Amino acid sequence: MKLLEGKTVLVTGASTGIGRAAAIGAAQHGANVVINYHSRDDDADACIAAIEATGQRGLAVKGDVAEAATATDFVAKAAAEFGRVDVMVSNAGICPFHSFLEMPAETLERTLRVNLHGAYYMCQAAAKAMVEQGDGGAIVAVSSISALVGGEYQTHYTPTKAGVHSLMQSTAIALGRHGIRCNSVLPGTILTEINKDDLADEGKRKYMESRVPLGRLGQPEDMVGPIVFLASDMAAYVTGAALLVDGGMFVNLQ
Ligand code: NAD
Ligand code: RM4
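A.B. asks: Looking at this structure, how should I read the overall build of the chain?
C.D. replies: Each helix and strand counted, the chain has 7 helices and 7 strands in total. Shown N-terminal to C-terminal, the secondary structure of the chain runs as helices and strands in the order β-α-β-α-β-α-β-α-β-α-β-α-α-β. Since a compact globule built from 254 residues should have a radius of gyration of about 18 Å, the 17 Å found for the chain is in line with a globular shape. Sorting the 254 residues of the chain into buried and exposed places 50% on the buried side.

Printed below as a string of structure tokens:
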């Protein structure tokens, strides 16, 4: 069953990892997909090729989500190419692991700007287009298990993920009257570039694995079903919700 037939889906930070998987997954579910990416043209081209291999259409738009103008440009190009904007998956993010006491101000500020300001601008730009269209839409933000729990080397990052989670709660209220649903997914630990160096430490990786009741860390593809579901009409009465996708890591106290 195809859940996103005829829809235009926008995904930020989609040249790698969870965003890439979500973009290709949306195409497999019948959507035309517009991806935002930051710098790697080859990876963006490969993602578009994978989208087009499903028989759908794809478009890549380069831009830094930390800049408000990137969001308006992204949404305008998507609307110009495909006529409308149905779904925004706000996914782009960074997590430069760093100790708290030595955190450089630039690292803190860049993380806030990319992860939180970026999500805000993208969701706002998409919502404006959806309100103008007048027939609703869906926003799915990629928050994190880290919205709910801390990380010693993530003191700059976890507040942004809590912020994104909170953003979906408030926008769900602000946009409900327009039929626009806003939800977040909270991935646990998914093997991607964002944590490649961190998990290169065998001890840490084994520890993280041991915390997951399902017995393994996640793959980007594990995020596709939950994101597609929340983006689709199957979730027509779901808004302001947060879906943990973590193999059970969060609930595993003892
Ligand atoms: P990733 O590094 O593969 O993906 C992040 C993507 O964001 C990259 O493609 C990167 O180029 C893009 N990006 C970074 N800065 C950008 C900018 N300024 N403008 C545009 N794009 C930018 O890692 P991922 O794990 O797929 O991360 C995707 C999202 O998932 C992030 O928001 C991350 O916080 C979240 N997340 C990841 C995990 C995990 O364990 N991997 C867990 C919870 C949440
Ligand atoms: C997630 C979570 C993961 C970490 C990534 C970078 O939100 O904290 O454990 O690997 O971020």
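What follows continues from the structure just given.
A.B. asks: Would you mind going over the site of ligand 1 with me for this structure?
C.D. replies: Taken together, 29 residues form the shell around ligand 1, and within it T16, N91, Y157, I190 and T192 come nearest. D64 has a polar side-chain atom sitting 2.8 Å from a nitrogen atom of ligand 1. Backbone polar atom of N91 to an oxygen atom of ligand 1: 2.7 Å apart, as the coordinates give it. Looking at the shell around ligand 1, the elements that each hand over two or more residues are α1 (17-28) and α4 (105-133). In terms of residue class, the shell around ligand 1 is built from 10 nonpolar, 15 polar and 4 charged.

A.B. asks: Sorry if this is basic, but what is going on with the sheet that holds strand β5 (residues 137-142) here?
C.D. replies: Overall, parallel pairing links the 7 strands, which are arranged β3-β2-β1-β4-β5-β6-β7 in an open sheet. One side of each edge strand has no neighbouring strand; the edge strands of this open sheet are β3 (58-62) and β7 (242-245). Taking each pair of neighbouring strands and ignoring which way they run, the sheet shows an average axis angle of 15 degrees. Two strands pair when backbone bridges link them, and strand β6 (residues 180-187) and β7 are joined in this way by 4 bridges, in the parallel orientation.

A.B. asks: Would you take a moment to explain the packing of α4 against helix α5 (residues 158-176) for this structure?
C.D. replies: Two quantities define a packed helix pair, namely the angle between the helix axes and the distance between the axes. Remark: α4 packs on α5, axes separated minimally by 10 Å, with the N-to-C direction vectors making an angle of 15 degrees. Regarding the angle of α4 to α5, the classification is roughly parallel. In terms of crossing hand, the pair formed by α4 and α5 is right-handed. Taking contact as the criterion, the partners of T111, L112, N115, L116, A119, Y120, C123, A127 and V131 in α4 are, on α5, T160, K161, G163, V164, L167, M168 and L175. Class assignment for the residues of the contact of α4 with α5 results in 11 nonpolar, 4 polar and 1 charged.

A.B. asks: I would appreciate a short explanation of the environment of G6 in the present structure.
C.D. replies: Turning to its location among the elements, G6 is positioned in the segment before β1 (8-11). G6 gets classed as exposed once you look at its relative accessible area, which sits at 66%. A C-alpha to C-alpha distance of 7.3 Å links G6 and N32, two positions 26 residues apart in sequence. Contact partners of G6, with chain neighbours within four places excluded, come to G30 and D86.

A.B. asks: How should I be thinking about a nonpolar patch on the surface in this particular structure?
C.D. replies: Together, M1, F229, M234 and L243 make up a nonpolar patch on the protein surface, roughly 430 Å² of accessible area in all. Topologically, M1 is positioned in the segment before β1. Overall, M1 belongs to the exposed group, its relative accessible area being 79%.

What counts as what
Residues numbered from 1 in each chain as written. Chains lettered and ligands numbered in written order. Predicted model: local features only at pLDDT ≥ 70, side-chain atom pairs only at ≥ 80, totals over all residues. Heavy atoms only, no water. Helix = DSSP H or I, 4+ residues; strand = E, 2+ residues; numbered from the N terminus. Rg over C-alpha atoms; globule rule 2.2 N^0.38 Å. Buried < 20%, exposed > 50% of the residue type's maximum accessible area, 1.4 Å probe, protein only. Near = heavy atom within 4 Å. Polar contact = N/O pair within 3.5 Å; in protein donor to acceptor, adjacent residues only side chain to side chain. Nonpolar A, V, L, I, M, F, W, Y, C, P; charged D, E, K, R; others polar. Pairing = 2+ DSSP bridges. Axes fitted to C-alpha atoms, helices over the stretch in contact; angles between N-to-C directions. Parallel < 35°, antiparallel > 145°, perpendicular 65-115°, else oblique. Left-handed = near helix turned anticlockwise from the far one by under 90°. Contact = heavy atoms within 4.5 Å. Patch = residues over 30% accessible without salt bridge, like charges linked within 9 Å, V, L, I, M, F, W, Y side chains within 5 Å. Areas by Shrake-Rupley, 256 points an atom, 1.4 Å probe, with all protein chains shown as cover. Salt bridge = Lys/Arg side-chain N within 4 Å of Asp/Glu carboxyl O.

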